[in-house]
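# Observations on chain architecture
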Amino acid sequence: MSDKSVDCAANEMLERCDGVIETAFDRAAQIKPCPVGADSSCCKMCFMGPCRLVGKTTRGVCGATRATVAARNYARAVAGGSAAHSDHGRGLAFALLAVARGEAQGFRIRDTQKLYAVASYLNIATEGRSVNAIAEDVATKALDNFGQQTGLISYASRATPKRQQIWQDLGLTPRSVDREIVEIMHRTHMGVDQDAENILKQAMRTALGDGWAGSMLATDISDILFGTPSPLQSAVNLGVLKDDEVNIVLHGHDPALSEMIVAASTDPELLAYAESKGAKGINLAGICCTANEVLMRHGIPPAGNFLSQELAIATGAVEAMIVDVQCIMQALAEVAKAHHTRLITTSSKAMIEGATHIEFDEQHAYDCAKNLVRAAIDNYPNRGQTHIPPAREELVAGFSHEYIGYMQGGLYRGSFRPLNDAVIAGRIRGLAAVVGCNNARVTQDSAITKIVRELIANDVLVVVTGCAATGAAKEGYLRPEFMDKAGPGLREVCEAIGVPPVLHVGSCVDNSRILTILTQCATEGGLGEDISDIPAVGICPEYMSEKALAIGTYCAASGAHVLFGIHNPVAGSPEVTELISKGWEATVGGSMEFEPDVDRLIARAFEIIDAKREALGLAEYNPNRFGQSGDALMEEALRATQNKPTLGFYSISDVSAE
Ligand code: NFS
């Protein structure tokens, strides 16, 4: 296996690019990461430095200690990540406002049930009011959550009572998204907050503003505007590109733009236009989290995850890569230049030299989307030689938290009871979320896939989001047949409910769905009274972005134990490393740990889950306890006892009895 990727399509493309087109994989090999910066031992907060706190140097010019420097760097990364997610949420709140006022061309409210649910969370009256009036109030209240100067974020009330109390006691409930981010920037300015623990507390408060406001509102408003996901089939990997159609790759994060392009791609006028240029149709595919947004709601196939973005263009088959914000490599412009691909930026917040800028404007959203699609079609005749790797894997996605409740009992009896019961009985050992990026410093998707495999083989139900979801999907882990690789207890539960053992719950902002799922498990009963009691773990094996740190931090501050791979970004300060792990565990019940060794990370995940089981007084996990149950065995037993069905049934009920 290549040390660059476990994805055969990526490896095939990398071989073709070798010596011809430079990629992130090449640059990662050429550039050694700065060891001082990697450990957060570098302080650049003022211009007396940068101060490198290494060797005998333990303080900067101003006297800042290693702990202060590491905590400030950590907090600033969390602020950056929270700002990115939350600004995305803010954009959607403005889009909802425009829709409610009839000012957003092409958009409409797709899920009124969700609008009512969100209105009720936000204490907005619905009785006897028009959908648009409710939507306008929801949007306005959502916008208040970003910028209000007084009060607290609305969704804090969606957390368990125990969690709300912890936040209140520690002063962690966010006031508003922007205020917490600004306060981090203030506190980490030269000469303000010098106390590592206090700085890290503000990092948690800011991250909670991301998780329970910015991201959660982004998810909710996306569902209101574009529909709440439910399971659907699709495919993944570079093989989803088509040789005889106009290929448009949607890359970035904002679903508002991509939704309109999905609509425009089926416009008869544009389909006819594509045909007039010799193409058989218009084919959409996604990269990064935009891919997950349009996959979850429309089944548009992802062409790949973060590290596949350059490789998609290198196929020579992409007429346009349309990008908005976040996780977009500047190098795309160079790769596009070497092919016919038009790299099109669409946000005033994200321009790239060498790209064409066609700004997306909600008031003329559909016209904008049509222009973008037309630009791609116009480029089809310029296509030269192509090479599309045949790799293409089937998948099932679309597991919103609403659907996960629904699948456990239907419309009227949907609940988390079956899941909780399965955990209590030990059929399911625990829950894990495998999330986050690719990182060019490690083999693409290697840690993600190994962790998912090991978890489900040991009866841990896994939810995935973001690039981790795409990585798992590329290896076929989101196919129902992957059930075969699950431990017998997990397999039986999945077969009974009719779901795969690895559930794709969405994009990176949809990690907020995981907060909701865990809160629902906690309030369902039997697994304690808060996220911190549940046998669950969050894992981000191949992180590279500040957003990942923000996510990890809001999960920890919500009571979850979180494990990151790659490298400890605060390794320069053992004190800060301790504060965010054992320190946070003691105060908020959750923690952040960094473990670059994948096997040790997996062992630690099981250790955390099993310790939570023990604390709840649940039976110790025993893989053989239900080892003889499950549909496959039932069929086998029935076959073996064809002439003695009664005996067969007895033996089956014996072994599956709890
Ligand atoms: Ni999230 Fe990482 Fe980016 Fe999505 Fe992928 S890199 S933190 S998973 S696309 S945001």
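### Structural notes on the overall build of the chain
If you tally the helices and strands in the chain, you get 27 helices and 16 strands. Considering only C-alpha atoms, the chain reaches an extent of 70 × 70 × 65 Å along its principal axes. Buried positions account for 60% of the 658 residues belonging to the chain. Long-range pairs, those at least 24 residues apart, make up 76% of the contacts in the chain with a sequence separation of at least 6.

### Section: the nonpolar core
Counting 178 residues, the largest nonpolar core has Tyr74, Leu431, Leu455 and Met592 as the members making the most contacts within it. When neighbours within four sequence positions are excluded, Leu455 is seen to be in contact with Ala432, Val434, Val460, Val462, Ile539, Ala605 and Phe606. Grouped together as the second largest cluster of nonpolar side chains are 39 residues, Val240, Cys288, Ile313 and Met321 included.

### Considerations on the domain arrangement of the chain
When the parts of a complex come together, some accessible area is lost, and that lost area is often taken as the interface size. Taken as a whole, the chain is organised into domain 1 (61-226), domain 2 (238-382) and domain 3 (401-626). Taking the mean C-alpha position of each, domain 2 and domain 3 sit 32 Å from one another. Between domain 2 and domain 3, the buried area comes to about 1300 Å², and carbon and sulfur atoms account for 62% of it. It is Met296, Asn305 and Leu307 in domain 2 that bury the most area against domain 3; as a group they hold 39% of the surface buried on that side. At the junction of domain 2 with domain 3, the criterion picks out zero salt bridges. Inspection of the region where domain 2 meets domain 3 yields twelve residue pairs in polar contact (both at pLDDT 80 or more). Ranked by residues supplied to the side of domain 2 that touches domain 3, first place goes to helix 12 (residues 288-298) with seven residues. The residue makeup of the side of domain 2 that touches domain 3, split by class, is eight nonpolar, six polar and two charged.

### A short note on the packing of aromatic side chains
Any aromatic ring pair is given by two values, namely how distant the centres are and how the planes are angled relative to each other. Following the criterion strictly, the structure yields ten aromatic pairs and no others. Here the aromatic rings of Phe107 and Phe226 are separated by 6.0 Å at their centres, their planes lie at 50°, and the arrangement is tilted. Pair noted here: Phe107 is in the loop between helix 4 (66-100) and helix 5 (112-121) and Phe226 is in helix 9 (residues 196-226), with a separation of 119 residues, a long-range link. Owing to a relative accessible area of 10%, Phe107 belongs among the buried residues under this scheme. For Phe226, a relative accessible area of 4% puts it in the buried group. An aromatic cluster is present here, built from Phe399, Tyr403 and Tyr406 joined pairwise through their rings. For the cation-ring pair, Arg158 lies above Tyr121, with the distance from its terminal atom to the ring centre recorded as 3.8 Å. Seen from the ring of Tyr155, Arg158 lies directly overhead, with NZ or CZ sitting 4.5 Å from the centre.

### Details of the sheet that holds strand 13 (residues 502-506)
Taken together, six strands build an open sheet; the order of strands is 13-12-11-14-15-16 and the sheet is parallel. The strands lining the two open edges of the sheet, one partner per strand, are strand 13 and strand 16 (591-594). Strand-to-strand twist of the sheet, defined as the mean angle between neighbouring strand axes without regard to direction, takes the value 25°. In terms of strand pairing, strand 15 (residues 561-564) meets strand 16 through four bridges, oriented parallel.

### Regarding the pairing of strand 13
The element strand 13 is largely enclosed, with a buried count of five among its five residues. Both strand 12 (residues 460-465) and strand 13 contribute to a ladder of four bridges, which runs parallel. Bridge pairing in strand 13 places Val464 opposite His504.

### As for the site of the ligand
In the vicinity of the ligand lie 14 residues, with Cys289, Cys327, Cys437, Cys467 and Cys508 positioned nearest. Class assignment of the residues belonging to the shell around the ligand gives a composition of nine nonpolar, four polar and one charged. Each of two domains, domain 2 (238-382) and domain 3 (401-626), supplies a minimum of three residues to the shell around the ligand.

### Focus: helix 8 (residues 177-187)
Those residues of helix 8 that sit buried are Val177, Glu180, Ile181, Glu183, Ile184 and Arg187. The arc enclosing the buried residues of helix 8, seen along the axis, measures out at 160°, which places them on a common side. Looking at helix 8, the residues exposed on the side facing more than 90 degrees away from the buried face are Val182 and His186. Buried-residue contacts for helix 8 involve helix 4, helix 6 (131-147) and helix 9.

### Here we look at the coordination of the nickel atom of the ligand
Protein coordination of the nickel atom of the ligand is limited to a single donor, Cys508 (SG), positioned at 2.2 Å. For the nickel atom of the ligand, the four donor atoms are set out with angles of 101 to 129° between them, so the coordination reads as tetrahedral. For Cys508, the position within the fold is in the loop between strand 13 and helix 22 (511-524).

### As for unusual backbone geometry
In the segment running from Gly49 into Pro50, the intervening peptide bond is cis, with an omega of 0°. By the element assignment, Pro50 lies in the loop between strand 1 (42-43) and strand 2 (51-52). With a phi close to 65°, Ser40 is a non-glycine residue in the positive phi region. Along the chain, Ser40 falls in the loop between helix 3 (35-38) and strand 1.

Conventions adopted
- Residues numbered from 1 in each chain as written.
- Predicted model: local features only at pLDDT ≥ 70, side-chain atom pairs only at ≥ 80, totals over all residues.
- Heavy atoms only, no water.
- Helix = DSSP H or I, 4+ residues; strand = E, 2+ residues; numbered from the N terminus.
- Buried < 20%, exposed > 50% of the residue type's maximum accessible area, 1.4 Å probe, protein only.
- Contact = heavy atoms within 4.5 Å.
- Core = buried A, V, L, I, M, F, W, Y, C linked by side-chain atoms within 4.5 Å.
- Domains from an automatic or database assignment.
- Buried area = accessible area lost by both parts, 1.4 Å probe.
- Salt bridge = Lys/Arg side-chain N within 4 Å of Asp/Glu carboxyl O.
- Polar contact = N/O pair within 3.5 Å; in protein donor to acceptor, adjacent residues only side chain to side chain.
- Nonpolar A, V, L, I, M, F, W, Y, C, P; charged D, E, K, R; others polar.
- Phe/Tyr/Trp six-rings, centres within 6.5 Å; stacked < 30°, edge-to-face > 60°.
- Lys NZ or Arg CZ within 6 Å of the ring centre and 35° of its normal.
- Pairing = 2+ DSSP bridges.
- Axes fitted to C-alpha atoms, helices over the stretch in contact; angles between N-to-C directions.
- Near = heavy atom within 4 Å.
- Arc of directions from axis to C-beta.
- Donors = N, O, S within 2.8 Å, 3.2 Å for Na, K, Ca; no water.
- Tetrahedral: all angles 85-135°; square planar, octahedral: opposite > 155°, others 65-115°.

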